[in-house]
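# Structural overview for review
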Amino acid sequence: MNGTLAARTDGISRVITELTDESNKKKKPVVVILVVSISIVSGMLIFGVVIWCLIWKKKTRERGLHLNFDLVTIAAATNNFSYARKIGEGGFGPVYKGVLETGQEIAVKRLSKSSGQGIEEFKNEVILIAKLQHRNLVRLLGCCIQGEERMLIYEYMPNKSLDYFIFGQTRSTLLPWHKRFDIIMGIARGLLYLHQDSRLRIIHRDLKTSNILLDKEMNPKISDFGIARIFGGDQSEARTKRVVGTYGYMSPEYAIDGKFSVKSDVFSFGTLVLEIINGKKNRGFNHADHDHNLLGHAWLLWKEGKALELVDAVMEDSYVVSQVMKCIQVGLLCVQKYPEDRPIMSSVVVMLSNESVTMPQPKQPGFFTERGSTDTDLLSRNEKGRTESPVTITVLEDESLAGIYSSLSELHSGLARLESRVRGSISLDVSGK
Ligand SMILES: Nc1ncnc2c1ncn2[C@@H]1O[C@H](COP(=O)(O)OP(=O)(O)O)[C@@H](O)[C@H]1O
Ligand SMILES: [Mg+2]
């Protein structure tokens, strides 16, 4: 009996041992697979991190090298800032063409007056702006600092700026409608990137035809974006004492009150669009029948259902009616008097790129009063004799100056009302012309 029991127990333990052995045998490959895969994954992770560190280090080194150009390099590239290399001069100072030792062409902007901000602050702003990249923005390559003097180094654009083409009588024939439409779309996309898509949310504040540069294929590239920040003129509040901008493109709230927002850029964009279609400058626009600027002229034609008359005669054979009408409507929506009525750039891009989108009817544009009776005149009075070289910076030393502008503008409106009452019997000329 005892022997049988012992034999049975023996058998059971053998079976258990066999079973355990078998499960151990099954477990082993699982463990091996687990260990191997963990090692592979961690190996790959470490490898990835090492590679990423190396690339990052290389990029930073390259960036560091390019961002800070030394004066010797820039002087050599521009032939000692020779007169022959000067390609223009704006409100911020002269611009020179240069060629680096590598053969790369550059444009050097010599800032005429130090902004008063420290070197580190200046460099930081340059680094931030230099990081912005979009096919419709001119690349800022870096800066050069020497004592009080600061320079900005840009990529060189061989085809000059848009004003050179659209306002030049013979050159304007080189820009048929389809090219102008592409240019309008490109500017819209570049501005949308600055306003919404880039990490910095830049308000340009000086959008105008001479800040639209053209590359080899005549693609538009916005330049001078972020210059307000670089120049130390940017403020977090939407109101500034330093008005950076160019008359003819500035929205009423910015020109008079120093209030800037994406909507003041939208106003400048609308002006640009109407100028591209018409081939004349908003500022200094003349018409036999009235004394309005280009925006006013466009608005009058739109109300009379004669908007197509706005099209530059050189595009007579090339323009597409539906596209031109769309652009005129978008332009007029952008230059509406009140910022809240103007569209944001994402809506502008949607409106321009879709055939079937319904658009609101534009309301009256800003500065819609004949010259001689408004703040437009006030602005031009300040600018007497400078129509051909538009001012780019105006420093309102005191906020009260903006107040004086408003009061004077009210006074002028009063005079205008008086003028219209006595028109016919007495000729009252408040334009000073
Ligand atoms: N990156 C550039 N490449 C080629 N030309 C440029 C570049 N930047 C500026 N320019 C030229 O220099 C001129 C002066 O430029 P700027 O100082 O920005 O003044 P503004 O924009 O008021 O004309 C421009 O009209 C343009 O023709
Ligand atoms: Mg410029």
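Residues numbered from 1 in each chain as written. Chains lettered and ligands numbered in written order. Predicted model: local features only at pLDDT ≥ 70, side-chain atom pairs only at ≥ 80, totals over all residues.

In the annotation of an unreviewed UniProt entry, the entry for the protein chain reads Protein kinase domain-containing protein, and the organism field reads Tetracentron sinense.

## Some thoughts on the pairing of strand β2 (residues 93-99)
The criterion, for reference: Whether two strands pair depends on DSSP finding at least two bridges between them. The secondary structure listing takes helices from DSSP runs of H or I that are at least 4 residues long and strands from runs of E that are at least 2 residues long, numbered from the N terminus.
Relative to β2, strand β1 (residues 86-90) is paired through 4 bridges, and the arrangement is antiparallel. Bridge pairing in β2 places E89 opposite P94. Taking the residues that link successive antiparallel strands as the turn, the β1-β2 hairpin has 2 residues. Where β2 lies against strand β3 (residues 105-111), 5 bridges are found, and the strand directions are antiparallel. Residue pairing in the sheet places V99 in a bridge with E105 of β3. Joining the antiparallel neighbours β2 and β3 is a turn of 5 residues, in which G103 adopts a positive phi near 100°.

## Structural notes on the site of ligand 1
Quick note on the threshold: A molecule or strand has a residue near it when that residue's C-beta atom, placed from backbone coordinates, lies within 6 Å of it. In the scheme used here, Gly and all other residues not listed as nonpolar or charged are polar, with Ala, Val, Leu, Ile, Met, Phe, Trp, Tyr, Cys and Pro taken as nonpolar and Asp, Glu, Lys and Arg as charged.
Taken together, 21 residues lie near ligand 1, and G88, G90, A107, M157 and S210 sit nearest. Secondary-structure elements contributing two or more residues to the shell around ligand 1 are β1 and β3. Counting residues per element, the shell around ligand 1 draws most heavily on β1, which supplies 4 residues. Looking at the shell around ligand 1, its residues break down into 9 nonpolar, 8 polar and 4 charged.

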